[in-house]
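Examining the three-dimensional arrangement
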Amino acid sequence: MSTDGLIVVDKPGGMTSHDVVARIRRLARTRRVGHGGTLDPMATGVLVIGVGRATRLLTYVIGADKSYTATIRLGQATVTDDAEGDVIASTPAGTLTDEAVQGALAGLTGEIDQVPSAVSAIKINGQRAYKRVREGESVDLPARRVTVFRLDVLAIRRDQPDVVDVDVDVACSTGTYIRAIARDAGLALRVGGHLTALRRTVVGGFDLAEAVTLDELEHRAPDVVGLPLAVAAERFFIRRDATDEEAKVLSHGGPLDPVGHSGPYAVFDPAGGLIAIVSERAGRARAEIVLAPA
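Conventions adopted
Residues numbered from 1 in each chain as written. Predicted model: local features only at pLDDT ≥ 70, side-chain atom pairs only at ≥ 80, totals over all residues. Heavy atoms only, no water. UniProt positions renumbered as here; feature names shortened; annotations may be inferred. Helix = DSSP H or I, 4+ residues; strand = E, 2+ residues; numbered from the N terminus. Buried < 20%, exposed > 50% of the residue type's maximum accessible area, 1.4 Å probe, protein only. Contact = heavy atoms within 4.5 Å. Salt bridge = Lys/Arg side-chain N within 4 Å of Asp/Glu carboxyl O. Polar contact = N/O pair within 3.5 Å; in protein donor to acceptor, adjacent residues only side chain to side chain. Core = buried A, V, L, I, M, F, W, Y, C linked by side-chain atoms within 4.5 Å. Pairing = 2+ DSSP bridges.

As recorded in an unreviewed UniProt entry, the protein goes by tRNA pseudouridine synthase B and comes from Micromonospora lutea. The record held by UniProt for the protein lists under Sequence similarities (unreviewed entry) the comment "Belongs to the pseudouridine synthase TruB family. Type 1 subfamily." Reading the Function (unreviewed entry) entry of the UniProt record for the protein gives the comment "Responsible for synthesis of pseudouridine from uracil-55 in the psi GC loop of transfer RNAs."

Let's talk about the UniProt feature "active site" (unreviewed entry) in the protein
The feature "active site" (unreviewed entry), as annotated in UniProt, sits at Asp40 in this numbering. Summarising the element assignment, Asp40 is placed in the loop between β2 (33–35) and β3 (44–51). Taking relative accessible area as the criterion, Asp40 reaches 21% and is therefore assigned partly exposed. Those residues within four positions of Asp40 in sequence are excluded, and the remaining contacts are Lys11, Met15, Asp82 and Arg179.

A closer look at unusual backbone geometry
Between Ala221 and the following residue, Pro222, the backbone shows a cis peptide bond with an omega angle of 5°. Within the chain, Arg29 stands out as a residue other than glycine whose phi angle is a positive 60°. The residue Asp81 is not glycine, and still its phi comes out positive at about 65°. Topologically, Asp81 is positioned in the loop between β5 (76–78) and β6 (87–90). Relative accessible area serves as the criterion here: at 8%, Asp81 is assigned to the buried category.

Things to note about the pattern of salt bridges
Going through the model one piece at a time under the given rule, you end up with 20 salt bridges. Put simply, Asp40 and Arg179 hold a salt bridge, and the shortest N to O gap is 3.1 Å. You can see Asp40 sitting in the loop between β2 and β3 and its partner Arg179 sitting in helix α5 (residues 178–189), a full 139 residues away along the chain. Arg179 gets classed as buried once you look at its relative accessible area, which sits at 5%. Salt bridges sharing partners connect three or more residues here, namely Arg23, Arg26 and Glu218.

Some remarks on the side chain of Asp167
Looking at the secondary structure, you find Asp167 in strand β11 (residues 164–172). In this structure the side chain of Asp167 is engaged in a polar contact, spanning 3.0 Å, whose partner is the side chain of Arg157. Non-local contacts of Asp167, meaning those with residues more than four positions away in its chain, are made with Ala70, Thr71, Asp152, Val153, Leu154, Ala155 and Arg157.

Here's the deal with the nonpolar core
Most often, soluble globular proteins have nonpolar side chains that are buried together. Membership of the largest hydrophobic core comes to 48 residues, with the highest contact counts inside it found for Ile24, Ile49 and Leu74. Excluding its chain neighbours within four sequence positions, the residues that come into contact with Ile49 are Gly5, Leu6, Ile7, Val9, Val20, Val21, Ile24, Val33, Gly34, His35 and Leu58. Val8, Tyr60, Ala266 and Leu291 belong to the second-largest nonpolar core, a separate cluster that totals 23 residues.

A closer look at the pairing of strand β4 (residues 66–74)
β4 sits mainly inside the fold: eight of its nine residues count as buried. Judged from the nine bridges that link them, β4 and β11 form a sheet pairing that is antiparallel. Among the inter-strand pairings, Tyr68 is bridged to a residue of β11, identified as Val170. The pairing of β4 with strand β12 (residues 193–203) spans nine bridges and is classified as antiparallel. Each bridged residue has a counterpart across the sheet, and for Thr69 the counterpart in β12 is Arg199.

Below, the structure written as structure tokens:
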């Protein structure tokens, strides 16, 4: 009953990304469902889901830039760097000036070497880091180079004694942990910090304006795909139209002549069907993945 394509879901809080995948497998009546980038249970917002052949596009979705709105609480550090973990240190932050807060966050923009949160989905010797932490292990993850393109301070609030809440809007590269930004801002200010709210607003070209809730998908089931495969590919990639002969060669894994596009692009047959995602190297255009029906 399923159709190949993408669904832009507005993930609710309290669910894992895998929980959302499991729900959509039931609604779409297929096991072939995956997601394009984990959101923590506490987080809400854009979660791109692939159904059928579109699951093969998710590797590109995972690598896309992302945007978030978030709230950072200064004055408390937690074991998970977010509100789901126990507070492990409290330092009164009420005397922090707005200028100091803005300066600490400004220091976390641009290209930075960020140590991911220990409670992350990164694998260490085949096991997720968060599982090791929950089993009582001490986990040290190496720093990774990420880019924070924009970190706008929307509001600085002092609604409770000894803590400062900072609402931010962040645009960043894939692999950036907003929890780690909260942690590192707290460390820079010597008061500790953690994340109390996180909402993903953009993944690549997909944003909240087109996201649907799980309740809405329940009412549409099994017709849950919002962006059929060809439409999704055209949204995400530069388009190249192939001749009948080129389509035949490419659908069987053969190379095409290059056309000078940088980065991967989508190739369509004369009828508008998606054939493959292609990249150009060594003077030829070769398929990274073939998506034409077998």
